[in-house]
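# Coordinate inspection notes
As a plain string of letters, each chain reads:
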Amino acid sequence: MAFVLFISFLILLRLSELLIARRNEIWLRANGAVEYGKKHYPFIVLLHLAFMLSLVIEYLLKPTETPDYFLLALLLALIAVKMHIIYSLGRYWNTKILHIAGVPLVRKGLYKYFKHPNYFIVISEIAVIPLIFHLYVTAIVFSVLNAIMLFIRIKAENKILKQA
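All residue numbers here refer to positions counted from 1 along the written sequence of the relevant chain. Predicted model: local features are reported for residues with pLDDT of at least 70 only, side-chain atom pairs are reported and counted for 80 or more only, and whole-chain, interface and lining totals are derived from all residues. Water and hydrogen atoms play no part in the side-chain values, which are based on all heavy atoms of the structure.

Turning next to the overall build of the protein chain. Secondary structure counts use DSSP, requiring at least four H or I residues in a row for a helix and at least two E residues in a row for a strand, with both numbered from the N terminus. Summing up its helical and strand segments, the protein chain has five helices and two strands in all. Listed by position from the N terminus, the elements making up the protein chain come as α-β-α-α-β-α-α. As defined in this context, the radius of gyration uses C-alpha atoms, and a globule is described by 2.2 Å times the residue total to the power 0.38. Here the protein chain has a C-alpha radius of gyration of 17 Å; the compact-globule value for 164 residues is 15 Å, and the two agree. For the protein chain, the spread of C-alpha atoms along the principal axes amounts to about 50 × 30 × 25 Å. Accessibility here uses a 1.4 Å probe with only protein chains present; expressed as a share of the type maximum, an area under 20% marks a residue as buried, one over 50% as exposed, and anything in between as partly exposed. Burial analysis of the protein chain (164 residues in total) assigns 41% to the buried set. For the protein chain, long-range pairs separated by at least 24 residues make up 87% of all intrachain contacts whose partners lie at least 6 apart in sequence. Whether two residues are in contact is decided by their heavy atoms, any of which lying within 4.5 Å being enough.

Below, the structure is given as structure tokens:
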């Protein structure tokens, strides 16, 4: 039962993030934003869908009702930091690379200190989420796949950020 509640919470969290991203995308495009990284974006979506599916499959193959409460607390802290990041970027936060020419980079919140704090959170989530229920295969496989994807993503994003 704990895993069902956990995975339901994760799905609702991801759906709420996608709703925020969609709302922001509409505003960004209405204000002249151009999308970059279109070729790799479907692979990001596929990666995250496969991650959720892998969590369920690995859990069904090796059910563990005893979550790691320390890692669960860590995940809640990561979610709080992600919420701060989304708040800091405001309408500019998105799951896509959308850029409005001439708009200066956001330099508040964690963005005062780090170039890509959101990706630190994503890397941490991909590792921590499966480990809460001792799903080691998912943690390892998707940490590697996510690292490859983020290498491509950050390279594309940095190219655009240099122009800002």
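Between its first and last C-alpha atoms helix H4 (residues 117–132) spans 22 Å; for 16 residues at 1.5 Å apiece the expected length is 22 Å, and the two agree. Bend at a residue means the angle formed by two fitted axes: the first through the 7 residues ending at that position, the second through the 7 residues beginning there. At Glu125, H4 shows its largest bend, some 25 degrees. Burial runs high along H4: twelve of the 16 residues are buried. Taken as a whole, H4 has its buried residues at Pro117, Asn118, Tyr119, Ile121, Val122, Ser124, Glu125, Ile126, Val128, Ile129, Pro130 and Ile132. Downstream of H4 by one or two residues, His134 has phi in the positive range, about 60 degrees. In this scheme, a helix's expected span is set at 1.5 Å multiplied by one less than its residue total.

As a further point, take the packing of aromatic side chains. Centre distance within 6.5 Å is the pairing criterion for rings of Phe, Tyr and Trp, where only the six-membered ring of Trp is used; planes under 30 degrees apart are then read as stacked, over 60 as edge-to-face, and the remainder as tilted. Counted under the stated rule, the structure contains six aromatic pairs. Ring geometry for Phe3 versus Tyr59: centroids 3.9 Å apart, planes at 5 degrees, classification stacked. Residue Phe3 is located in helix H1 (residues 2–30), and its partner Tyr59 is located in helix H2 (residues 41–61); the two are separated by 56 residues in the primary sequence. Of the two residues, Phe3 and Tyr59, both sit in the buried class. Plain terms: the ring middles of Trp27 and Tyr92 are 5.6 Å apart, the flat faces sit at 90 degrees to each other, and that makes the pair edge-to-face. Of this pair, Trp27 sits in helix H1 while Tyr92 sits in the loop between helix H3 (69–89) and strand E2 (97–99), and the two are 65 residues apart along the sequence. Among the residues examined, Trp27 registers a relative accessible area of 23% and is labelled partly exposed. A relative accessible area of 35% means that Tyr92 is categorised as partly exposed.

This brings us to a nonpolar patch on the surface. Taken together, Tyr136, Val137, Ile140, Val141, Val144, Leu145, Ile148, Phe151 and Ile152 make up a surface patch of nonpolar side chains, about 870 Å² in accessible area. Structurally, Tyr136 can be placed in helix H5 (residues 136–163). Under the relative-accessibility criterion, Tyr136 is labelled partly exposed at 45%. Patch construction takes residues with relative accessible area above 30% that form no salt bridge. Like charges are linked within 9 Å, and nonpolar side chains (Val, Leu, Ile, Met, Phe, Trp, Tyr) are linked within 5 Å. A 1.4 Å probe and the Shrake-Rupley method give the accessible areas. Residues count as covered only by the protein chains that appear here. Each reported salt bridge corresponds to a side-chain nitrogen of Lys or Arg within 4 Å of a carboxyl oxygen of Asp or Glu.

We call a set of buried Ala, Val, Leu, Ile, Met, Phe, Trp, Tyr and Cys residues a nonpolar core when their side-chain atoms join them within 4.5 Å. By size, the foremost hydrophobic cluster in this structure holds 31 residues, and its most contacted members are Leu10, Leu55 and Leu75. For this core, the elements supplying multiple residues, two or more each, are H1, H2, H3, H4 and H5. When sequence neighbours within four positions are dropped, the list of residues in contact with Leu55 reads Phe3, Ile7, Leu10, Ile129, Pro130, Leu135 and Thr138.

For H2, built from 21 residues, the straight-helix expectation of 30 Å at 1.5 Å per residue is met to within 8% by its first-to-last C-alpha distance of 30 Å. Looking only at H2, the buried set comprises Tyr41, Ile44, Leu47, Phe51, Met52, Ser54, Leu55, Glu58 and Tyr59. Taken down its axis, H2 places every buried residue within 155 degrees of arc, on the same side. Across H2 from its buried face, at more than 90 degrees, point the exposed residues Phe43, Leu46, Leu49, Leu53, Leu60 and Leu61. Check the buried side of H2 and you find it contacts H1, H4 and H5. Throughout, the arc means the angular range of directions from the helix axis out to the C-beta atoms.

Limitation: the analysis is restricted to geometry and does not speak to function.
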